[in-house]
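# Observations on the model geometry
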Amino acid sequence: MIEVFPVRKMCLLSFLLLLLMLPFLVHGSASAQTETLRVMVYDRENMPEEYGSCEDNAWVRYIQSRVLRELDIDLQFVRVKRADDVAQINLLAGQNEPPDIMFTYEYDFWLTLCRNGLVADITDELEENGSYLKRSHASVLPYGEIDGRQYAIPSLRSTTDVTSAFIRKDWLDRLGIDLPKEENGCYALTAEQLLEILRSFQQADFAGRGTDAPAFLSYGTTYWPMLLLIEGFYEQDAISDEDLASRPFFLYDGAKEGYRYLNTLYNAGLLNSDFAMIGENDKSQYGQAIINGDVGFWCNDSWYGFDSVNGALTKLYSTDPSAEVAAVDILAPDGRPAYKYTYHPYGMMVFVSSRSAHTDAAVRYLNWLAQPENDFVLRYGFENEHYTLEGNMPVAVSSSQMQQPRISVTDLALMYNGYAYAPDDDIDARLSLGMYMERLRSLRRDAWRVAMTNTFSIPTLTGYIPASLETVNILAAKERELRMRTIMCPAENFDEEWDRCVAAYLSAGGSRAIEAKRSAYRESIAEKKGN
């Protein structure tokens, strides 16, 4: 691990004195050579008034002070709502004076911005001012290239796990049902076993909501909270790398039967009937159902609900000490664990506006952010005030001390998604387990293990694929329509509805997008063989 003691050794008193002095340090130390750099920051709309705003709070002033002192850069932050970031970034990028630095998790959206001439080529600036970045991010920099030129610095992920399933083990214990385990130590169920368990949960009515209340919770504007159940039906041996690169998830071999299974759950009253009304950006109803103990099973991101203060699992365990949740895998019909999607090693695409007059300063700042001693304090705070160290792993002094004074601080730490510079073999540190309630740490590790068992990642097709980029929004809408219609239709209409929705997707540009991606994939393979 890279030592970060210059930050950790700062005592509480000196930090408090620094915060009192920050307004003077930030506004009183600029020189004639100082460059102003405007940087996008997420507004997650979760900051109480006394904390400040995403653009102005104690931690913003802390980083402004250090960057002004060390780089002679005057940082200013520009708010972008996380719930509507693509639309807002698209609007900002086209303005005469957009933020100098912006970022997005949507790779195709970044490519579109590049194609429209809104992203700066920072190849030369990286060579001159990015010496640390070139080492620390060597594995992911190629994802930010187009035709051999650098148009983004991709952030580096600490882990690539995506999806897991969770079940109320205390409910199973009350019913006398044992969860079977696989050789890797993960609990695992077949789709048939899960169906019977959900029926048992419903009839037992542990939540006291009646024997017709659903036992499985989901929401419908995105596929993440259903994905693992669909992955449990993928015909793994029939899916080639070319298929992974070119097809949407729902057209992978076997996916149709996964949707049929969800249709079965819906028509049996086991899936919440209002799932289609719960949006990706309005999860409070979803989380509250877990906290209230209303449901016995759900799928989601493998890290969902673990937040130290506001996470659904944290609140469930705090309000119901008898609750016990287990991470569980889904077994495919052939007996293997579900064939699961994992992230690429990069996260956000961090880029500089083509209209920026400060590309040198932007790369100097990103290079500064990439240095662990700078990232660590933004990510974890100060030793003994916010955390103590157990080996490589920071452990929160208390959940309230760790989170409440540091809301969304990691949104300032653009170069890493998580503790990506922890030792590769220290998964506890990479998962930041010390930031979670102690009772939840083994569960988070188990969820990671489920998510990382029998996995694939989608080959990245760099460069422009017009047939794909030009139809991305309409195809996303067609996929959402397929998800709603095929899950909610009467069972006897499923095949007809499936065929109709697939045909609509393909005719709306899906066929052209798939074929264009196939061609791009074949070209990339031929190019690799040629090299």
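Owing to the predicted nature of the structure, the values given are computational and were not obtained by experimental measurement.

Calculation rules
- Residues numbered from 1 in each chain as written.
- Predicted model: local features only at pLDDT ≥ 70, side-chain atom pairs only at ≥ 80, totals over all residues.
- Heavy atoms only, no water.
- Helix = DSSP H or I, 4+ residues; strand = E, 2+ residues; numbered from the N terminus.
- Rg over C-alpha atoms; globule rule 2.2 N^0.38 Å.
- Buried < 20%, exposed > 50% of the residue type's maximum accessible area, 1.4 Å probe, protein only.
- Contact = heavy atoms within 4.5 Å.
- Areas by Shrake-Rupley, 256 points an atom, 1.4 Å probe, with all protein chains shown as cover.
- Lys, Arg positive; Asp, Glu negative; His and termini not counted.
- Charge placed at Lys NZ, Arg CZ, Asp CG, Glu CD.
- Salt bridge = Lys/Arg side-chain N within 4 Å of Asp/Glu carboxyl O.
- 1 Å grid on protein atoms, 1.4 Å probe; cavity = no way out; pocket = protein on both sides within 12 Å on 5 of 7 lines; lining within 4 Å.
- Points joined across faces, edges and corners; volume = space filled by probe spheres on them.
- Nonpolar A, V, L, I, M, F, W, Y, C, P; charged D, E, K, R; others polar.
- Expected span 1.5 Å × (residues − 1).
- Axes fitted to C-alpha atoms, helices over the stretch in contact; angles between N-to-C directions.
- Parallel < 35°, antiparallel > 145°, perpendicular 65-115°, else oblique.
- Left-handed = near helix turned anticlockwise from the far one by under 90°.
- Pairing = 2+ DSSP bridges.

So, on to the overall build of the protein chain. When helices and strands are tallied, the protein chain shows 22 helices and 17 strands. Over its C-alpha trace the protein chain gives a radius of gyration of 24 Å, about what one expects of a compact globule, namely 24 Å for 531 residues. The C-alpha extent of the protein chain, read off along each of the three principal axes, is 75 × 55 × 40 Å. With 531 residues in all, the protein chain has 55% of them scored as buried. When contacts within the protein chain are restricted to residue pairs at least 6 apart in sequence, those whose partners lie at least 24 apart make up 77%. Surface accessibility of the protein chain: about 22,300 Å² in total, with carbon and sulfur atoms responsible for 47%. Where the 49 positive side-chain charges of the protein chain centre and where its 76 negative ones centre are 0 Å apart.

Further remarks concern the pattern of salt bridges. A full pass over the atoms with the stated rule returns 38 salt bridges. Of the charged contacts in the structure, one is a salt bridge between Asp243 and Arg518, with a shortest N-O distance of 3.2 Å. Here Asp243, found in helix H11 (residues 241-246), pairs with Arg518, found in helix H22 (residues 494-530); they are 275 residues apart in sequence, far enough to count as distant. As far as burial versus exposure is concerned, Asp243 and Arg518 are alike and both buried. Of the charged contacts in the structure, one is a salt bridge between Asp428 and Arg445, with a shortest N-O distance of 2.9 Å. Highlighted residues: Asp428 in helix H18 (residues 427-430) and Arg445 in helix H19 (residues 438-451), separated in sequence by 17 residues. Residue class for Asp428 comes out partly exposed when judged on its relative accessible area of 23%. One salt-bridge network, in which partners are shared between bridges, spans Glu242, Asp243, Arg247, Asp253, Glu515, Arg518 and Arg522.

For the structure on display, the rule yields three cavities of 30 Å³ or more. Quantified by volume, the largest cavity comes out at close to 80 Å³. If you go around the largest cavity, you meet 13 residues; those closest to its centre are Phe201, Ala207, Ala213, Pro214 and Asp294. The residue makeup of the lining of the largest cavity, split by class, is eight nonpolar, two polar and three charged.

Further remarks concern helix H12 (residues 255-267). Taking 1.5 Å as the rise per residue, H12 with 13 residues should run 18 Å; its terminal C-alpha atoms sit 19 Å apart, in good agreement. Here H12 has its buried residues at Ala255, Gly258, Tyr259, Tyr261, Leu262, Asn263, Leu265 and Tyr266.

This part takes up the packing of helix H13 (residues 284-291) against helix H14 (residues 312-319). Closest axis-to-axis distance for the H13/H14 pair is 8 Å, and the angle between their directions is 30°. Judged on the interaxial angle alone, H14 and H13 are roughly parallel. For the element pair H13 and H14, the recorded crossing hand is right-handed. Touching Gly287, Ile290 and Ile291 of H13 are Ala312, Lys315, Leu316 and Thr319, all from H14. When the residues that make up the contact of H13 with H14 are grouped by side-chain class, the tally is four nonpolar, two polar and one charged.

Once that is clear, we can look at the side chain of Thr453. Mapped onto the elements, Thr453 comes out in the loop between H19 and strand E17 (455-456). Ignoring anything within four residues of it in the chain, the contact list for Thr453 reads Asn184, Cys186, Asp329, Pro337, Ala338 and Lys340.

Turning to the pairing of strand E14 (residues 387-390), a few remarks are in order. Taken together, the four bridges between E14 and strand E15 (residues 393-396) define a ladder with antiparallel strand orientation. Paired with Thr388 across the bridge in E15 is Val395. Remark: two residues form the turn of the hairpin made by E14 and E15, two consecutive strands paired antiparallel; Gly391 in that turn has positive phi of roughly 70°.

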